[in-house]
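An overview of the molecular structure
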Amino acid sequence: MVAATFTHLHLAEQLDALHAELEDGPLRQELGLPQRAAMVEPKAPVFETRLRFVGTGCEYYGVWVMNLLLSVLSLGVFSAWAKQRKARWFAQHTELLGDRFDYHGEPLRILAGRVVAVVLLALYSYGFLISAALGWSVLVAFIVLGPMLFASAQRFRLANSSWRGLRFDFRPPTQRVYAVCVPVVALWLLGTALAALGASQEWLIAGVAVSVLGFPLAHARLKQLQHEHAWFGGQSFRFTAAAADFYGLYATAAVLLILAAVAIVLSMHFVLRTFGAAAAEQPWSIAFALLSTVVVWAVVWPYFAARMQQIVWAHTQWGDMRFAGHMSSAELWKLTLGQMTLVLLTAGLYWPFAAVAIARYRIESISMVADRPLAEVAVQPSTLASPHGSGDASADFFGLDLGW
Amino acid sequence: MGAISDNPTVYGVWFDGRSAERHSVQVHIGSDGQLKLRGAGSERTYGLSVLRSGERWRKGPWPVSLPDGGTLWLDETAAPLLVQLPSAYQSLQVWRDNAWRVMLVTLALVTLLLWLDRHGVGWLAQGAVQLLPRSVDEHLGNALSAKIDKEELTVSSLSDLRQAVLHDRFKPAVRFASGVKVRLLLRSYSLAENDAAEESLRNLRNFNAFAAPDGSIFLLDGLTNALSDDEVMAVIGHELGHVVHRHSMQTIARSIGFLALAGLVWGDGSTAMTTLGSGLQTLRHSRDAEREADAYAREFIAHLGLPPQTLMSTWVKVSTALAPMGGTLPSWLSTHPGLDERIETERRLLNLPPQVNR
C-alpha cells in the first residue's frame, strides 16, 4: 500500500511538471498562450506509523511458566485465568501512537466457553460411537449453532480488546454469518457424515478431497466476514473486494501442498517397500505421515501467512486510515524455523520466547497510513453511547469465548 | 495513613471512553482518601474502592478502570499512588518477576509433567475408567464388534468338529473371569476386492485374534489353523485379559489424558506436535497393556492345568508364521512388545536358559 502511494506521488509529480510546462514553459509560448503564474499542486503528504511491541521474552516467561504450572495442577481449570493473563500481557505491550492496547475478557466467561468447547468436541468425537441418533443430532446441532458460536467467539475477542479506552466490536448481520459459515461447517463435517453413512473408501477419499479443495474458498469468505464487520470506537472497518488476490494465493499454496503430498506419498511407498506390508498396519506409519506434515507445514505456512497478511491489510480500511502488511516470507520462514528449532531443543521451555519473537515480528510489520496526521484520524466522533461491553442480550447469551 | 504531603501529585493519561482523545491529567489522592483527576477542563473524584486495576507488569504504564467508563493510565512515576491501588494476581507477582523463583517454578513444572507422563495420566485414566460401569464397555463394544463382523469378517472355514471342540473348551474355561460376559467368535478375514492384489497382506490380516470391549473374542482362521488347541486357549486367555482389565476404555481415557497433557505443554503450538506426542505415549501404554494381558494369559493357562510353556510355544509359532511377511519395527513405534521380547519373557519365567539371537 505504501509502495502504491509512492508511485501515485511520482505520477503526480510528472503531471505537475507537465502542468507547469504548459503554464509557464516554452510550450505555452510556442502555442501563443498568455503567461500565467506557476501553479504547482502541493504534494499530498503521507502520514505513516507502525505498531510497536515492547514486551520481551524474559518478561513473558515468568507469566507463562506459572500459567502452565497452575493450569496443569488445576487439571485445566486455571487455563481460563491463564488466557486472560496472556491476552492482557500481549495487549498491554502493544503500542500505537504512544498508547497501549488492553484486554478485558473475564476468566469465568472464558472458562464457560472452554467447557462448552470440550463438551462439543467430546460429542463430536464419540457421538457416533455411542449411538447413531446422537451422532446425527450432534452434526445437525453443529450446523445450526456453529455459525452463531463462531460469531460469538469473534465478538468476544474483539469486544474485549480496546485502545485509548474505546472497544473494538464485531457486528455481522445474522444472515451473513450463516451464508458464510454453513458451507464451512458442512465441508468440515463432510468426512464424518460420509463415515457415519458407512460410505466406502472411495467416497471417503472424495469427501476429504472436496473438503480440502473447498477450504480455501471458505476461508477467504470467513476472512472477509471478519474484517468487513469489525468496528472500532463507533466506526466500522471496510474490506474492499480481494477475491482475485485470495484465489491466487490459495492456488499457489495448493500447488505447493500437492507437490509436498506427492513427495510424502512417494516416501511412504519407499518405506513400505523396505519394511514390508506389515508396516502399513502399524500406527508408526501415521506418526511418520504426521512428522512429514509438520515439516511441510513449517515450509509452506510462512509463505502463506506472510502473503495473506499483506493481502488482507491492503484491502482493509478504517475511516480515513489505510493499512499495509510488510511481512516477508523469507524473514518469517527464518524466524519460525529458528524459533521452533529452539523450542524442540529445549523440550518446550523456549516456547514463550518464541511466541514473543514471532508476535513482535507480526505486530511490527503492520503499518497505518493516512493523508492527515494519524492522531487526527484516530480521534473519530463515536456514535456509541455505551463504553463498556455490550447490552445486547443475544451476545450475552452467546458471549462465550470458544477460541483457544 | 500519612500526612497530606505523603500524597503526591503525579501525571497520567486519561481517556473518557467515548472518544480516542488523549488527555494529560494531574492525579492525586486527597486527604479524604479519594482519587482526584484534574485536567481536560474538569475535575473528577473517585472512591478508591470502585477503581479496578488488573495485573501490573514489571514495566508500565498500567491501566486503571474508572467506574464511569473512562481509563486512567499510570506509569512508574505514579508508584507511590499505585501502592494504594491493589492489583490483580498480586500473590503471583513475586513469583513472576524474581529470577530465582521463576527457576523454582520451572523446576516444579518439569517435575510435574514428567510424573504425569510416567504415572499420573495412567492413574487418572484408571480411576476414570473405574467410575464407568461395565455397561458402557458393552455398549461401545456391541457397535464395534457388530461393525467389524459385518464388514470385515466372514464365516470360519474351520471344520465343524474343531469349532465344536473349541467352543466346548471355551465355555467352562471363561468362568475364570467371573462377572464378565464373553463369547467366542471364530471367523475368517473376508476378501474385499481392493485386497485381492496382495495375498500376503490378506494372510497377514487373517493371522490375528482380538477382543472387543463387549467381551466378543474374535479368532481368525490363519491363527487358529497354525496353533494347537492348547495354544488357542492361551490366546483366548490373553484376549480375556484385555476384556477383564478393560483395556479399550483405558486406552480411550489415556489418549484423552495424553492429548490434554500434550495440548497444555505444546500450548498454542502446533496440533501436529500434540498429536504426535500423545500418540507415542499411547503406544507405550498399549505395549504395557499387552504385557498385562500376557500375564493374565499365564494365570489362565495355570488355572486350566495346561502345560506352562503353552504361551511360549504360541509366540514361537506366531513368530515363525510372521517372519516371511516382512521386517520388524522398532518397539517404541509398535502397539505390541516385540515377539522376541515376549518369547524371552516366557523363557525367563519358565527358568529356561535364554536362546542366543540368530
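How each quantity is defined
- Residues numbered from 1 in each chain as written.
- Chains lettered and ligands numbered in written order.
- Predicted model: local features only at pLDDT ≥ 70, side-chain atom pairs only at ≥ 80, totals over all residues.
- Heavy atoms only, no water.
- Helix = DSSP H or I, 4+ residues; strand = E, 2+ residues; numbered from the N terminus.
- Buried < 20%, exposed > 50% of the residue type's maximum accessible area, 1.4 Å probe, protein only.
- Contact = heavy atoms within 4.5 Å.
- Areas by Shrake-Rupley, 256 points an atom, 1.4 Å probe, with all protein chains shown as cover.
- Pairing = 2+ DSSP bridges.
- Axes fitted to C-alpha atoms, helices over the stretch in contact; angles between N-to-C directions.
- Polar contact = N/O pair within 3.5 Å; in protein donor to acceptor, adjacent residues only side chain to side chain.
- Phe/Tyr/Trp six-rings, centres within 6.5 Å; stacked < 30°, edge-to-face > 60°.
- Lys NZ or Arg CZ within 6 Å of the ring centre and 35° of its normal.
- pLDDT = per-residue confidence, 0-100.
- Salt bridge = Lys/Arg side-chain N within 4 Å of Asp/Glu carboxyl O.
- Parallel < 35°, antiparallel > 145°, perpendicular 65-115°, else oblique.
- Core = buried A, V, L, I, M, F, W, Y, C linked by side-chain atoms within 4.5 Å.
- Nonpolar A, V, L, I, M, F, W, Y, C, P; charged D, E, K, R; others polar.

**Section: the overall build of chain B**
Check the secondary structure of chain B and you find 12 helices and 11 strands. Per-residue burial over chain B gives 46% buried out of 358 residues. A separation of at least 24 residues holds for 62% of the contacts in chain B among residues at least 6 apart in sequence. Total accessible area on chain B is roughly 18,100 Å²; 58% of this is exposed by carbon and sulfur atoms.

**Things to note about the sheet that holds strand 8 (residues 235-239) of chain A**
All names here are of chain A. Here 11 strands make up an open sheet; going across it, the order is 1-11-10-9-8-7-6-5-4-3-2 and the pairing antiparallel. For this open sheet the edge positions go to strand 1 (47-50) and strand 2 (52-53), each flanked by a neighbour on one side alone. Pairing of strand 2 with strand 3 (residues 94-96) involves two bridges; the strand directions are antiparallel. Each bridged residue has a counterpart across the sheet, and for Phe 53 the counterpart in strand 3 is Thr 94. Packing against the sheet, helix 4 (residues 79-92) makes contact with strand 2, strand 3 and strand 4 (99-103), and its axis sits at approximately 165 degrees to strand 4. Running at roughly 165 degrees to strand 6 (residues 166-170), helix 6 (residues 132-159) makes contact with strand 4, strand 5 (161-163), strand 6 and strand 7 (230-232) of the sheet.

**Points about the side chain of Ser53(B)**
Along the chain, Ser53(B) turns up in strand 5 (residues 52-53). A distance of 3.0 Å separates polar atoms of two side chains, one belonging to Ser53(B) and the other to Arg56(B).

**A short note on the packing of aromatic side chains**
Using the criterion set out here, one finds 20 aromatic pairs over all chains in the structure. Look at Phe53(A) and Phe90(A): their rings are 5.8 Å apart centre to centre, the planes differ by 25 degrees, and that puts the pair in the stacked class. Taken together, the residues span a long stretch of sequence, with Phe53(A) in strand 2 and Phe90(A) in helix 4 at a distance of 37 residues. Looking at Phe53(A), the relative accessible area reads 4%, which means it is buried. In this structure an aromatic cluster arises from ring pairing among Phe101(A), Trp163(A), Phe168(A), Phe232(A) and Trp318(A). Positioned over the ring face of Trp231(A) is Arg171(A), at 4.3 Å from the centre of the ring. The ring of Trp95(B) carries the charged tip of Arg101(B) above its face, separated from the ring centre by 5.1 Å.

**Overview of the pairing of strand 4 (residues 42-47) of chain B**
All names here are of chain B. In this sheet, strand 4 lies alongside strand 3 (residues 34-39) in antiparallel orientation, the contact comprising six bridges. What sits directly across from Lys 36, in strand 4, is Thr 45. What sits between strand 3 and strand 4 in their antiparallel hairpin is a turn of two residues, with Ala 40 showing a positive phi close to 55 degrees.

**Structural notes on unusual backbone geometry**
Residues and elements named next belong to chain B. Looking along the chain, the bond that leaves Gly 60 and enters Pro 61 is cis, with omega of 5 degrees. Here Pro 61 lies in the loop between strand 5 and strand 6 (62-65). Its identity as a non-glycine residue notwithstanding, Ala 40 has a phi of 55 degrees, on the positive side. Considering the arrangement of structural elements, one finds Ala 40 in the loop between strand 3 and strand 4. In this structure, Arg 246 takes a positive phi of about 55 degrees despite not being glycine.

**Examining the confidence of the model for chain B**
Residue and element names in this part refer to chain B. On average, residues of chain B carry a pLDDT of 81, and 85% of them reach 70 or more. For residues 1-5, every residue scores under 50 in pLDDT, and the model assigns this stretch two contacts once sequence neighbours within four places are set aside. For this predicted complex, the interface confidence score (ipTM) comes to 0.74, while the overall pTM stands at 0.74.

**Overview of the pattern of salt bridges**
The final tally for this structure, using the stated rule, is 33 salt bridges over all chains. Ionic pairing is found between Arg171(A) and Asp169(A), a salt bridge with its closest N-O pair at 3.0 Å. By relative accessible area, which is 34% here, Arg171(A) ends up partly exposed. Given the relative accessible area of 10%, Asp169(A) is considered buried. A salt bridge links Arg183(B) to Asp214(B); the nearest nitrogen and oxygen atoms lie 4.0 Å apart. Of this pair, Arg183(B) sits in strand 9 (residues 183-189) while Asp214(B) is found in the loop between strand 10 (209-211) and strand 11 (216-220), placing the two residues 31 residues apart along the sequence. Here Arg183(B) falls in the partly exposed class, since its relative accessible area comes to 42%. The exposure class of Asp214(B) is buried, given its relative accessible area of 9%. Through salt bridges with shared partners, a single ionic network connects Arg85(A), Glu55(B), Arg58(B), Arg96(B) and Asp97(B).

**Let's talk about the packing of helix 12 (residues 329-345) of chain A against helix 13 (residues 351-363) of chain A**
Residue and element names in this part refer to chain A. Contact geometry for helix 12 and helix 13: axes closest at 9 Å, N-to-C directions at 170 degrees. As judged from the angle between their axes, helix 12 and helix 13 are roughly antiparallel. Residues Glu 331, Leu 332, Leu 335, Gln 339, Met 340 and Val 343 of helix 12 form the contact with helix 13, whose participating residues are Trp 351, Phe 353, Ala 354, Ala 357, Ile 358 and Tyr 361.

**Observations regarding the nonpolar core**
Of all hydrophobic cores here, the largest spans 88 residues; its most connected members are Val27(B), Leu35(B), Leu37(B) and Leu72(B). Per-element accounting of this core gives the leading share, nine residues, to helix 3 (residues 57-73) of chain A. Not counting the four nearest positions on each side in its chain, Leu35(B) is found in contact with Val27(B), His28(B), Ile29(B), Arg44(B), Thr45(B), Tyr46(B), Leu48(B), Leu51(B), Leu72(B) and Leu81(B). Of all hydrophobic cores here, the second largest spans 33 residues; its members include Val182(B), Leu219(B), Ile236(B) and Phe300(B).

**Overview of the packing of helix 2 (residues 90-97) of chain B against helix 3 (residues 99-131) of chain B**
Residue and element names in this part refer to chain B. Two elements in contact, helix 2 and helix 3, have axes separated by 5 Å at closest approach and are oriented at 95 degrees. In terms of axis orientation, helix 2 runs roughly perpendicular to helix 3. Residues Val 94, Trp 95, Arg 96 and Asp 97 of helix 2 form the contact with helix 3, whose participating residues are Ala 99, Arg 101, Val 102, Leu 104 and Val 105. Of the residues in the contact of helix 2 with helix 3, the class split is six nonpolar, no polar and three charged.

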